[in-house]
Amino acid sequence: MTDETPAGPSATPATDAAAPAGPEQAGTAGPRSRRRMRLLLTVAGVVLALDVVTKVLAVHLLTPGQPVSIIGDTVTWTLVRNSGAAFSMATGYTWVLTLIAAGVVVGIIWMGRRLVSPWWALGLGMILGGALGNLVDRFFRSPGPLRGHVVDFLSIGWWPVFNVADPAVVGGAILLVVLSLFGFDFDTDGRRRPEEPAAQPAGGLANDTDTPE
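Numbering of residues starts from 1 in every chain and runs along the sequence as written. Per-residue local features of the predicted model are confined to residues with pLDDT of at least 70, and side-chain atom pairs are confined, for both listing and counting, to 80 or more; whole-chain, interface and lining totals are unaffected and use all residues. In computing side-chain values, all of the structure's heavy atoms are included and hydrogens and water are not.

### Observations regarding a nonpolar patch on the surface
Formally: Patch membership is restricted to residues that have no salt bridge and whose relative accessible area is over 30%. Joining uses 9 Å for like charges and 5 Å for the nonpolar side chains Val, Leu, Ile, Met, Phe, Trp and Tyr. Areas reported as accessible are Shrake-Rupley estimates using a 1.4 Å probe. Residue values count occlusion only from the protein chains shown. When a carboxyl oxygen of Asp or Glu is within 4 Å of a side-chain nitrogen of Lys or Arg, the pair counts as a salt bridge. The numbering of helices and of strands both runs from the N terminus, where a helix is a DSSP run of H or I of at least 4 residues and a strand a run of E of at least 2.
Together, Val52, Val56, Leu99, Val136, Phe139, Phe140 and Leu146 make up a nonpolar patch on the protein surface, roughly 590 Å² of accessible area in all. Listed by contribution, the elements that provide at least two residues to the nonpolar patch are helix H2 (21-61) and helix H4 (118-140). Sort the elements by how many residues they give to the nonpolar patch and H4 lands first, with three residues. With respect to the element layout, Phe140 can be found in helix H4.

### Looking at the UniProt feature "active site" (unreviewed entry) in the chain
Filter applied, for reference: UniProt positions are given in the numbering used here, feature names are shortened, and annotations may be inferred rather than shown by experiment. For each residue, the accessible area found with a 1.4 Å probe, counting protein chains only, is set against the maximum for its type, and the residue is called buried under 20%, exposed over 50%, and partly exposed in between. Polar contact is defined as a pair of N or O atoms within 3.5 Å, subject to the rule that within protein one atom must be able to donate a hydrogen and the other to accept it, and that residues adjacent in sequence are counted only when both atoms are side-chain atoms.
What UniProt calls "active site" (unreviewed entry) maps, in this numbering, to Asp152 and Asp166. The exposure class of Asp166 is buried, given its relative accessible area of 2%. At 3.4 Å, the side chain of Asp166 forms a polar contact with the side chain of Asn134.

### Digging into the side chain of Asn163
Counted only if it meets this: Throughout, a contact is declared for two residues whenever any of their heavy atoms are within 4.5 Å.
Among the structural elements, Asn163 can be located in the loop between strand S3 (150-156) and helix H5 (165-181). Owing to a relative accessible area of 2%, Asn163 belongs among the buried residues under this scheme. Polar contacts involving the side chain of Asn163 include one to the side chain of Asn134, which spans 3.4 Å. A polar contact is formed between the side chain of Asn163 and the backbone oxygen of Val151, at a distance of 3.0 Å. Once residues lying within four places of it in the same chain are set aside, the contact partners of Asn163 are Asp51, Lys55, Asn134, Val150, Val151, Asp152 and Phe153.

### Quick notes on unusual backbone geometry
A cis geometry characterises the amide bond from Ser142 onward to Pro143, with omega recorded as 10°. Along the chain, the position of Pro143 falls in the loop between H4 and S3.

### A closer look at the UniProt feature "transmembrane region" (unreviewed entry) in the chain
Under the UniProt annotation, "transmembrane region" (unreviewed entry) lies at residues 39-62, 92-112, 119-136 and 156-184. Helix makes up 100% of residues 119-136 and strand 0%. Its end C-alpha atoms lie 26 Å apart.

### What about the nonpolar core?
The criterion, for reference: Among buried residues, the Ala, Val, Leu, Ile, Met, Phe, Trp, Tyr and Cys ones that are joined through side-chain atoms within 4.5 Å form a nonpolar core.
Core analysis: the largest hydrophobic core is formed by 16 residues, its most contacted members being Leu40, Ile108, Leu115, Trp120, Leu124, Leu128 and Leu176. Among the elements that make up this core, the one with the highest residue count is H4 (seven residues). By size, the runner-up hydrophobic cluster in this structure holds eight residues, among which are Ala58, Val151, Leu154 and Phe162.

### Thoughts on H4
Worth spelling out the cut-off: Each residue after the first adds 1.5 Å to the expected span of a helix.
For H4, with 23 residues, the first-to-last C-alpha span of 32 Å sits near the 33 Å given by 1.5 Å per residue. Between the side-chain oxygen at the start of H4 and the backbone nitrogen of Trp119 there is a gap of 3.3 Å, and the oxygen is on Ser117.

### A word on the pairing of strand S1 (residues 68-71)
The following threshold applies: Between any two strands, at least two bridges found by DSSP are needed for them to pair.
By the bridge criterion, three bridges tie S1 to strand S2 (residues 75-82) in an arrangement that is antiparallel. Following the sheet pairing, Ile71 is matched in S2 by Val75.

### Regarding the packing of H4 against H5
Condition: For every element, the axis is a line fit to its C-alpha atoms; helices are fit only across the contacting stretch, and the angle between N-to-C directions ranges from 0 to 180 degrees. With respect to orientation, any angle under 35 degrees is reported as roughly parallel, any angle over 145 as roughly antiparallel, any angle of 65 to 115 as roughly perpendicular, and every other angle as oblique. Rotating anticlockwise by less than a right angle from the far helix to the near helix defines a left-handed crossing, while the corresponding clockwise rotation defines a right-handed one. Residue polarity is assigned by list, with Asp, Glu, Lys and Arg as charged and Ala, Val, Leu, Ile, Met, Phe, Trp, Tyr, Cys and Pro as nonpolar; anything else, Gly included, falls into the polar class.
At a closest axis distance of 8 Å, the pairing of H4 and H5 adopts a crossing angle of 155°. Taken together, the axes of H4 and H5 lie roughly antiparallel to each other. Here H4 and H5 pass one another in a crossing that is left-handed. Between H4, through Trp119, Trp120, Leu122, Gly123, Leu124, Met126, Ile127, Gly130, Ala131 and Asn134, and H5, the contact on the second element is made entirely by Ala165, Asp166, Ala168, Val169, Gly171, Gly172, Ala173, Leu175, Leu176, Leu179 and Ser180. Taken together, the residues of the contact of H4 with H5 break down into 14 nonpolar, six polar and one charged.

Quick look at the structure:
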């Protein structure tokens, strides 16, 4: 009996040592997530503001079908009304694209509650701002809500005419893919750490050495 008593206390500190980690992480994750959410919304707000302002200027200063040269014929201001997705793709599916964009906005806001990584906040903010910028056109421009045509105004070489929202969405998506490939998760700070297989056997080893004693 006297030999078995020390085994009890030795197991108790092991469980107690792991217990404080939960409250501590819970205490820091909340404020950190709120900071990341603020960063996400700030980036989205900047992208949205730039997109809306540049579109308003393009509509007032440019004439459809009359490109204005920036660098010869390679880079021009060209006013286009786009019924499709980014870079004039998927024209003819305006209402479907509107619903998809609305779903993306809802998904990003839901994910933002668990954000820890500032880089994910940056990428998601770019996508959110771009999606909102084009959604504004879908809802408030002709020919009507859910069917509105997006204003595009910048043409570079053979690339389709685009606006500020388009490269923001594409750039944010590329950033998120790169972060995932390099092990940066949205709900962790820093790179993902591989599981340490040595941790489990170490506990088992301790129990084995205690039993004979």
